[in-house]
Amino acid sequence: DAGVIQSPRHEVTEMGQEVTLRCKPISGHDYLFWYRQTMMRGLELLIYFNNNVPIDDSGMPEDRFSAKMPNASFSTLKIQPSEPRDSAVYFCASSSIGTAHGYTFGSGTRLTVV
Amino acid sequence: SQQGEEDPQALSIQEGENATMNCSYKTSINNLQWYRQNSGRGLVHLILIRSNEREKHSGRLRVTLDTSKKSSSLLITASRAADTASYFCATDYSTLTFGKGTMLLVSP
């Protein structure tokens, strides 16, 4: 398995533009998580899905953020409109319930909003 | 707020020495996990210890868990330059909540 695949690796966009981050989880994993990492706040859980259904989106900062999981092999995190304070590294991770192997993280998308 | 808090925030040692990192947390957990993050990369799962376990080993890693004190420690023995990374503890109750990590620098 190629692991959790995120795209793009880097994204630079202007304030006000729409940004879409993509994630392909590990096949067979039934949980998918979106985290955001900043120096100030560390790793924050934004939203997670179980069997493609959003379970908890209480970590989503505001209505500008939305996430979807249309099928078991694909998820998107969208920011519209983007703001400079959204600049961070966004990680997708996947897992199976009861696993002793923790979460498998993607390499992240470094987002810079100018 | 973060569930886990690592201590120290930064640690600098020489190759061959042991590195110990500590983690304290605040609420009940199902398990506690340790992750490593190399600069510019994603997090890599190192080890998971369940709430009914007290100690676990994996290669050069030793993890302890004291649920009465709500604390855990990660020991890396015989450190190598390649161990240079940030190390995070994460508490699992329904989802993983991460601390801010310990930056470990191992000098040759």
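Everything here concerns the structure above.
Cut-offs and rules
Residues numbered from 1 in each chain as written. Chains lettered and ligands numbered in written order. Predicted model: local features only at pLDDT ≥ 70, side-chain atom pairs only at ≥ 80, totals over all residues. Heavy atoms only, no water. Contact = heavy atoms within 4.5 Å. Buried area = accessible area lost by both parts, 1.4 Å probe. Salt bridge = Lys/Arg side-chain N within 4 Å of Asp/Glu carboxyl O. Helix = DSSP H or I, 4+ residues; strand = E, 2+ residues; numbered from the N terminus. Nonpolar A, V, L, I, M, F, W, Y, C, P; charged D, E, K, R; others polar. Pairing = 2+ DSSP bridges. Axes fitted to C-alpha atoms, helices over the stretch in contact; angles between N-to-C directions. 1 Å grid on protein atoms, 1.4 Å probe; cavity = no way out; pocket = protein on both sides within 12 Å on 5 of 7 lines; lining within 4 Å. Points joined across faces, edges and corners; volume = space filled by probe spheres on them. Disulfide = S-S within 2.5 Å. Buried < 20%, exposed > 50% of the residue type's maximum accessible area, 1.4 Å probe, protein only.

**Side note on the interface of chain B and chain A**
Accessible area lost upon the coming together of the parts is a frequently used measure of interface size.
Here is step 1 of the chain: Contacts between the two partners involve 16 residues from chain B and, on the opposite side, 20 residues from chain A.
Here is step 2 of the chain: Interface area, chain B with chain A, both sides summed: about 1,400 Å², of which 52% is carbon and sulfur.
Here is step 3 of the chain: The largest share of the area that chain B buries against chain A comes from B:Leu43, B:Thr95 and B:Phe98, three residues that together contribute 29% of it.
Here is step 4 of the chain: Between the two partners, chain B and chain A, sit zero salt bridges.
Here is step 5 of the chain: Elements with a contribution of two residues or more to the side of chain B that touches chain A: strand 4 (31-37), strand 5 (43-50) and strand 10 (96-98) of chain B.
Here is step 6 of the chain: Among the residues making up the side of chain B that touches chain A, the classes are represented as six nonpolar, seven polar and three charged.

**So, the sheet that holds strand 8 (residues 74-79) of chain A**
Residue and element names in this part refer to chain A.
Here is step 1 of the chain: If you trace the four strands from one edge of the open sheet to the other, you get 1-3-8-7, paired in antiparallel fashion. Of all strands in the sheet, those bounded by a partner on one side alone are strand 1 (5-7) and strand 7 (65-71). Sheet twist, expressed as the average angle between the axes of neighbouring strands with direction ignored, equals 15 degrees.
Here is step 2 of the chain: Bridge analysis of strand 3 (residues 19-24) against strand 8 gives five bridges, and the strand direction is antiparallel. In the strand pairing of strand 8, arginine 22 is matched with threonine 76.

**Details of the layout of surface pockets**
Here is step 1 of the chain: Roughly 860 Å³ of volume is contained in the largest pocket.
Here is step 2 of the chain: Forming the boundary of the largest pocket are 33 residues, of which A:Gln37, A:Met39, B:Gln37, B:Ser86 and B:Phe88 lie nearest the centre.
Here is step 3 of the chain: Counting residues per element, the ones that place at least two in the lining of the largest pocket are strand 4 (31-38) and strand 9 (88-95) of chain A together with strand 1 (5-7), strand 9 (85-92) and strand 11 (102-107) of chain B.
Here is step 4 of the chain: Classifying every residue of the lining of the largest pocket gives nine nonpolar, 18 polar and six charged.

**Details of the sheet that holds strand 1 of chain B**
Residues and elements named next belong to chain B.
Here is step 1 of the chain: Judged by pairing direction, the sheet is antiparallel, and its five strands sit side by side in the order 1-3-8-7-6 without closing on themselves. Either end of the sheet is taken by a strand with one partner, and the two such strands are strand 1 and strand 6 (55-58). Going from strand to strand, the sheet's axes swing by 20 degrees on average, the running direction of each strand aside.
Here is step 2 of the chain: Taken together, the six bridges between strand 3 (residues 19-24) and strand 8 (residues 71-76) define a ladder with antiparallel strand orientation. Residue pairing across strands places cysteine 23 opposite serine 72, the latter belonging to strand 8.

**Digging into the state of the cysteines**
Here is step 1 of the chain: A complete count under the given rule lists two disulfides over all chains for this structure.
Here is step 2 of the chain: Here A:Cys23 connects covalently by a disulfide to A:Cys92, the sulfurs 1.8 Å from one another. Between A:Cys23 and A:Cys92 the sulfur-sulfur dihedral comes to about -65 degrees; the bridge is accordingly left-handed. Of this pair, A:Cys23 sits in strand 3 while A:Cys92 sits in strand 9, and the two are 69 residues apart along the sequence.
Here is step 3 of the chain: One disulfide in the model links B:Cys23 with B:Cys89; its S-S distance is 2.0 Å. On the sign convention where negative is left-handed, the bridge of B:Cys23 and B:Cys89, at about 65 degrees about the S-S bond, is right-handed. Taken together, the residues B:Cys23 in strand 3 and B:Cys89 in strand 9 connect sequence positions 66 residues apart. A single burial state applies to B:Cys23 and to B:Cys89, both of which are buried.

**Some remarks on the pattern of salt bridges**
All names here are of chain A.
Here is step 1 of the chain: According to the stated counting rule, one finds eleven salt bridges over all chains in the structure shown.
Here is step 2 of the chain: A salt bridge links arginine 36 to glutamate 44, with the nearest nitrogen and oxygen atoms 3.4 Å apart. Just as arginine 36 is buried, glutamate 44 falls in that class too.
Here is step 3 of the chain: A single salt-bridge network, built from bridges that share partners, covers Glu62, Arg64, Glu83, Arg85 and Asp86.

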